[in-house]
Each structure stands twice: as structure tokens, then as C-alpha cells.
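# Residue-level structure breakdown
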Amino acid sequence: MTPIRIAIVGLGKIARDQHIPAIAGTAGLVLAAVASRNATLDGVAHFATLDELLAGAPDIDAVALCTPPQVRRHQAAAALRAGKHVLLEKPPGATLSEIGPLETAADAAGKTLFATWHSRFAPAIESARAFLAGRNIRAVKIEWKEDVRHWHPGQDWIFEAGGLGVFDPGINALSILTRILPRRFFLVRATLAFPANRDSPIAAELDFSDETGLPIRAEFDFLQTGPQIWDIHIETDAGTLSLAGGGARLALDRHVMVDETEGEYAGLYRHFVDLVRRGASDVDLAPLAHVADAFMLGRRTIVAPFTW
Ligand code: NAP
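Residues numbered from 1 in each chain as written. Predicted model: local features only at pLDDT ≥ 70, side-chain atom pairs only at ≥ 80, totals over all residues. Heavy atoms only, no water.

Near the ligand lie 22 residues; those nearest to it are Leu11, Ser36, Asn38, Arg72 and Asp168. Contact between the ligand and Trp157: an oxygen atom at 2.9 Å from a side-chain N or O atom of the residue. Here an oxygen atom of the ligand and a side-chain polar atom of Asp168 are 2.5 Å apart. Within the complex, the protein chains bury 81% of what would otherwise be the 880 Å² of accessible surface of the ligand. The residue inventory of the shell around the ligand, partitioned by class, reads nine nonpolar, seven polar and six charged. (Near = heavy atom within 4 Å. Polar contact = N/O pair within 3.5 Å; in protein donor to acceptor, adjacent residues only side chain to side chain. Areas by Shrake-Rupley, 256 points an atom, 1.4 Å probe, with all protein chains shown as cover. Nonpolar A, V, L, I, M, F, W, Y, C, P; charged D, E, K, R; others polar.)

Written as C-alpha cells, this is what we have:
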């Protein structure tokens, strides 16, 4: 079968750390071009912008948009208009409602739109989901605490409007929880801490529940020093299920069920190839809806200005 010729748009941290090696390791995909204002890649056709790429590389089948969410809708719409399949990094956009027209455009063009949630491809996610199906779940506690200066150095877009602030990593936890919990849940209260000089929050405390009254507590912090924490603990009738390391490890009380090195983007790209081959799209906005709810319902506090 002819490989899908894909182009990466935005050669930043995630493109280099994950997309380039994952594409190289995925059967049925070939990295045929990059669009970057600032960088090139040896042996790969280069264009300064997506528009130049669409005009100059008509044989590209798909684009992976690895740019910040604030500029992605425009890029996705242009790529779909040009008849390309589109892979969106998370979060799928800067607003909820901008995604619907992209889905319509993808359907009309017969192209794939894949709104990725990379954390859903972490090694322990499907085991956690299978374990929780049919269990009596009593409480959920999410701790997603990382050092923004270490993981996102100089990425000012994160603290600009639409960049989501601490929800940029926090939405990964919500993408996991919306996948593994057997029931849907909703926000009941939230407190968001905004640095005095920034437009997006640097910390958040969230309380969710569901129709049974299940308590779900989430704490997101962008100023964590020392151990970095991306954990979800779920109390059930069979013990406490702990997903650690962003979904790499799973334990029931002290019994380790899964402990694997991260392989998220390999699974993500295999899924993309499958979607393209089947002529299907995959767009789930549930994690972004929870974040939008937090911005709607959350009480705001102003905290110390943030500088890198
Ligand atoms: P980044 O390092 O800032 O890279 C984003 C790239 O997008 C930039 O290097 C730039 O590429 C391009 N870009 C930036 N501003 C632009 C603008 N105004 N117009 C057009 N292009 C622009 O950010 P990142 O960490 O890779 O994150 C990108 C996306 O991936 C985000 O949505 C993030 O949530 C997601 N993500 C990040 C991580 C992570 O660990 N960093 C993990 C998973 C997902 P050029 O200079 O090449 O044009």
C-alpha cells in the first residue's frame, strides 16, 4: 500500500521529541516535508509556512499540526480546503466551537480529522479502563503537578489567552479520566489562580462529580519543584487503582499491573494511519469541554506575577 506522505507544521518541542521519531517508526507513513518559520530538517523538504507548503508540495497527503492551539484552526481549515488529512496536537483548538466547522469540512472533503489526546495512548490506559468497567468507584483524586520552567521553557503562548496555562498539561489528565471512567462526569466547582501579569492560570483546584455523587478532585500546579507528579488514584470496591507517570504505570494497592516505558505517540500514529485507511475521523471534545467549564464556573484568584 502506498505510504501516507505527511508534513509536520511547527518544528517545536513536541514535534522534535515525539512526532519525528514516531512517524519514522510507523509503517505506512513517511515524513515528506516540514513547515517551519525557524528550522529545517536534514533530508526533508522545507517550507516557511503552511500556505507555502500547500502551494509547493501538492503530493502531501496529510499534515500534523504541532503549533500552539491559538493558530491551529486557521491552519487546519486551510489544509482541509487543500484536500489534506489533518492531525491536531492537543488541545484540538483554542475554543470548543471552532472544531465543529473543521469536522464538517473534513466530512465534506472525505478526509480524516484526528483530534489527538496523546495521554490516551499511554501503556496503562486500556488496562485501567477494563478494570474500572462495572466496578463500584468511590472516589477519584488527580494530581498533575509539573515545573513549567523545566517542561515549557520560554513558551509564552501557554500563558497567553487560549494557551490554557496549567490546563495545557492538566487536560491530559482529563483526557485519561474521560477515557477510563465508565460514566460521564461534570464540574461542580473550581478555583483558578492567575498570575497578575498573565492571561492563563498557573494553578487550579477542581471538584467534579457524576450522577451517583462520586467525588472527583483534581489539583493542577505549574510551579511544582522536586518530584514531578502526573498521577490519578481511584478508590474502588476492589482496592485503590493508581495510574502513575502520566499513564505509564498501573497498580492495584501494592500489586503492579503495568509498568512500561512511554509509547504514546507510536500508538497515536498507528491510529491515525488506521483512520486514514478507513476514511474515518476521531474527534472527542470531552476533555476540552471540562476545561471550558472550569473557565466558566471557576472562581479566579490573582497570584504573584510569573517570569521565566
Ligand atoms: P513549542 O515548542 O512552542 O512549539 C510550537 C511550534 O509552533 C513553534 O516552535 C513554532 O514552530 C510554531 N509556532 C509557534 N507560534 C506560532 C505562530 N504564532 N504561528 C505559527 N506557528 C507558530 O510548543 P510545543 O511544546 O511543541 O507544543 C505544541 C503543541 O503540542 C501544544 O498544543 C502542546 O499542548 C502540545 N504538546 C506539547 C507537549 C510538550 O511536552 N511540550 C506534549 C504534548 C503535546 P516553527 O518555529 O517551526 O514555525
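Still more ground to cover, so stick around.
As a packed pair, helix α5 (residues 125-132) and helix α7 (residues 167-180) sit with axes 9 Å apart at the nearest point and diverge in direction by 40 degrees. Our classification of the angle between α5 and α7 gives oblique. For the pair α5 and α7, contact is made by Ile125, Glu126, Ala128, Arg129 and Leu132 and by Ile176, Arg179 and Ile180, respectively. For the contact of α5 with α7, the class distribution of residues is five nonpolar, no polar and three charged. (Axes fitted to C-alpha atoms, helices over the stretch in contact; angles between N-to-C directions. Helix = DSSP H or I, 4+ residues; strand = E, 2+ residues; numbered from the N terminus. Parallel < 35°, antiparallel > 145°, perpendicular 65-115°, else oblique. Contact = heavy atoms within 4.5 Å.)

Moving on, we get to the packing of aromatic side chains. Evaluated as defined, the whole model comprises 11 aromatic pairs. Their ring planes at 80 degrees and their centres at 6.5 Å tell us that Phe114 and Phe121 sit as a pair that is edge-to-face. Take Phe121: its relative accessible area is 25%, and that puts it in the partly exposed class. When the ring of Phe159 is compared with that of Trp308, the centres are 6.0 Å apart and the planes differ by 55 degrees; the resulting orientation is tilted. One end of the pair, Phe159, is in the loop between α6 (148-151) and α7; the other, Trp308, is in the segment after β15 (299-303), with 149 residues separating them in the sequence. The rings of Phe114, Phe121, Tyr269 and Phe272 are connected pair by pair, giving a single aromatic cluster. Here Arg135 stacks its cationic end above the ring of Phe131, 4.1 Å away from the centre of that ring. (Phe/Tyr/Trp six-rings, centres within 6.5 Å; stacked < 30°, edge-to-face > 60°. Buried < 20%, exposed > 50% of the residue type's maximum accessible area, 1.4 Å probe, protein only. Lys NZ or Arg CZ within 6 Å of the ring centre and 35° of its normal.)

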